[in-house]
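The residues making up each chain are set out below.
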2 protein chains.
Amino acid sequence: MPRPCGSAAVKLGGSLVTVKDRPYTVRGEALAGASRILAAYWRSGGRRLIVVHGGGSFGHYEVDTLRGELGARDLPAAAAPRIQGAMLRLAARVVEALRGAGLPASLHTTHTICECRECRYTPLLRDLGEGLVPVAYGDAVPCRGGLVIVSGDQLVVEAGLEAGVDCIVFTIDAPGVLDGEGRVIGELGPGDPVPRLGGAAHDVTGGLEAKVEWARRAAAGGARVYITGLGGLLKVLEGGRAGTRIVV
Amino acid sequence: MPRPCGSAAVKLGGSLVTVKDRPYTVRGEALAGASRILAAYWRSGGRRLIVVHGGGSFGHYEVDTLRGELGARDLPAAAAPRIQGAMLRLAARVVEALRGAGLPASLHTTHTICECRECRYTPLLRDLGEGLVPVAYGDAVPCRGGLVIVSGDQLVVEAGLEAGVDCIVFTIDAPGVLDGEGRVIGELGPGDPVPRLGGAAHDVTGGLEAKVEWARRAAAGGARVYITGLGGLLKVLEGGRAGTRIVV
C-alpha cells in the first residue's frame, strides 16, 4: 500500500518550465500544469510544500552569454546582477503561475539566502510554519570578487532535508532517468552508473550527473527521492511509483 | 565647503515612483530620472550605495484592498503572498530601471531579510563589499499567524546605519517637508513639530510622521539626513543643501 508524501520539496526543472534552447522562453503550459498538480497535492491536506525551480533558458543562457562576452569561464561579482535579473523574470512567472493555481507562494531571492555556496533556510522554514509555500530558485551569488551558481538542485535538497520533508522530487523534461535505449530506469542504486546524456543546451550546473549526486544526498538524508517527468509528479506525491527512484 | 556623501542609503518614496492614487501604476519618468541621478552619483567615485523603495500604489493599495475584502485591519499570514506579489512587480521595475541606468542593482526580498520586524542586513552588506548596489523595499512579512508591514523607511535607516553610510536621503513627491503655507522647512530639529499633511492615499506605514521618526533615528545614529524631492537628490548627495535636513 503506497504511503503519500506528508510533506515534500519539489524541483521544477529548468528544462521543464522553459524552452531550454530558446533564450528567455517560458513553457507556459508545462508551468501551469505543474502548478495545478502542486496545488492539488497541497490542497489535499494542508501539506507542507517547498517549490524550487531551475534556470533553464534564462539563467543558464545568461551565464553562457556573459562568459562569451567576457571571454572567461569565471565571472566577476559585477556580472551577478545581470544573471539575477534574468532569473528574477523567470521566478516572477513561476510564482505567478503557482499563485494562479491557488498556492500561497512566497519567493525568496537566492543571494539573500546564500553566502557563496552556504545557504540559510530559516526564512523558508518560517514560511512553512505560517502555512505558506516558500519558493526558491537557482541563481548567481556574488562570492569574494567572483560569483558562484547555486543550483536549484542544491536548494531543493538542502531546504527539503532541513525542513524534514518526506519526499524530494526532481521533475525533468523526460519521464525519468533513461538508459541507453531510452527506457526509464526504475531504480538507481548507490553503485549504479549514471547514463551520460547528450547534454542539454546551456546547462551550467552539471546536468544529470550533478542532479543524481544531489538526489543521492537527499536519499542519504532520509527522504524518498524520485526523478520524474511532469506526468509522474502527482503519482509520486500520492505515494505511487513513477520515473526513477533514487535509493541508497 | 560642502562635503559630498562618500556613501549613501537612498529611499525612493512610493509616491515618487508610483502614482499613489492609481493602482499598480509606475511613474516611469520619475523612476528613470531617479535611476540616472543615482548612477551619476555612483559612477563619480565607486561609492557605496544602498537603494530602498516604498510600496506606493502597489503595496499600500493591495493592503487596503485585502483589508476591505477580509473586513479586518489585521491581516493573516496567508494574505502575505498577494501583497508580496504586487510588491515584486514594482521591485522588478525598479531594479530594471536602476540596471538600465548602469547600476549593478541586486534585489533582496523583504521577507527573506526580516523575521517579523527584526531584519538582518548581512546580504546587503556583502553586496556592498562586492561593489554591487543592494536594493530592498517595504513589504509584507508573515509573523506568528499574522503579518507585519516592514516599511522602506525602516529598511533604509537600519541598513544605512549598519553599513555606516555618510548620508541617508528620503526622496518624496514634494521638494521637502512643507509648512502650513507650503514652504519647504529647511531644517527640522528634535523638538520641532511635524506638520500634518492631507495624508497620501493608501499609506499604511504611517505617512510623514513615521518617516520623520525614522529620519530622526538615522540622524541620531550619526548620518547626514535629508528629506527632499527628486530635484534635490543629486545636490544633497554632492554635499549641498536641498529640501529638509533632519538634525538631532
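The structure we're discussing is the one just above.
Everything numeric here is computed off the predicted structure, so don't read it as measured data.

A.B. asks: Is there a simple way to think about the relation of the copies chain A and chain B in this case?
C.D. replies: These two copies of the chain differ by a rotation about an axis and a displacement along the same axis. Each copy superposes on the other: chain A lies on chain B with an RMSD of 0.0 Å after a rotation of 180° and an axial shift of 0.0 Å. The superposition operator between the copies reduces to a two-fold rotation axis. No C-alpha of chain A approaches the rotation axis more nearly than that of Thr109 of chain A, which lies at 2.9 Å. When the interface residues of chain A are mapped onto chain B, 97% of them again fall at the interface, so both copies present the same face.

A.B. asks: Sorry, what's going on with the interface of chain A and chain B here?
C.D. replies: Where the parts come together, the accessible area they lose is often given as the size of the interface. In this complex, chain A contributes 33 residues to the contact, which on the side of chain B involves 32 residues. In total, chain A and chain B occlude about 2,500 Å² of area from one another, counting both sides; carbon and sulfur atoms represent 55% of this. Three residues, Thr112, Arg126 and Glu130 of chain A, lead the burial of chain A against chain B; their summed loss comes to 23% of the area buried on that side. On inspection of chain A and its partner chain B, the count reaches 2 salt bridges.

A.B. asks: Got a minute to help me understand the environment of Gly138 of chain B in this structure?
C.D. replies: As for its placement among the helices and strands, Gly138 of chain B is situated in the loop between strand 6 (133-137) and strand 7 (139-143). Every residue in contact with Gly138 of chain B, bar those within four places of it in the chain, is listed here: His53, Met87, Thr110, Val150, Ser151, Gly152 and Leu155 of chain B.

A.B. asks: Quick question: what am I supposed to make of the packing of aromatic side chains here?
C.D. replies: Any two aromatic rings considered together are summarised by their centre-to-centre distance and by the angle between their planes. All names here are of chain A. Scanning the entire structure with this criterion turns up 4 aromatic pairs over all chains. Ring centres of Tyr24 and Phe58 lie 5.8 Å apart, and the angle between their planes is 70°; this geometry places the pair in the edge-to-face category. Of this pair, Tyr24 sits in the loop between helix 1 (14-17) and helix 2 (28-43) while Phe58 sits in helix 3 (residues 56-70), and the two are 34 residues apart along the sequence. Overall, Tyr24 belongs to the partly exposed group, its relative accessible area being 30%. A centroid spacing of 5.4 Å and a plane angle of 85° characterise the contact between Tyr24 and Tyr61, whose relative ring orientation is edge-to-face. Of this pair, Tyr24 sits in the loop between helix 1 and helix 2 while Tyr61 sits in helix 3, and the two are 37 residues apart along the sequence.

Thresholds applied
Residues numbered from 1 in each chain as written. Chains lettered and ligands numbered in written order. Predicted model: local features only at pLDDT ≥ 70, side-chain atom pairs only at ≥ 80, totals over all residues. Heavy atoms only, no water. Least-squares fit on C-alpha atoms with pLDDT ≥ 70 in both. Contact = heavy atoms within 4.5 Å. Buried area = accessible area lost by both parts, 1.4 Å probe. Salt bridge = Lys/Arg side-chain N within 4 Å of Asp/Glu carboxyl O. Helix = DSSP H or I, 4+ residues; strand = E, 2+ residues; numbered from the N terminus. Phe/Tyr/Trp six-rings, centres within 6.5 Å; stacked < 30°, edge-to-face > 60°. Buried < 20%, exposed > 50% of the residue type's maximum accessible area, 1.4 Å probe, protein only.

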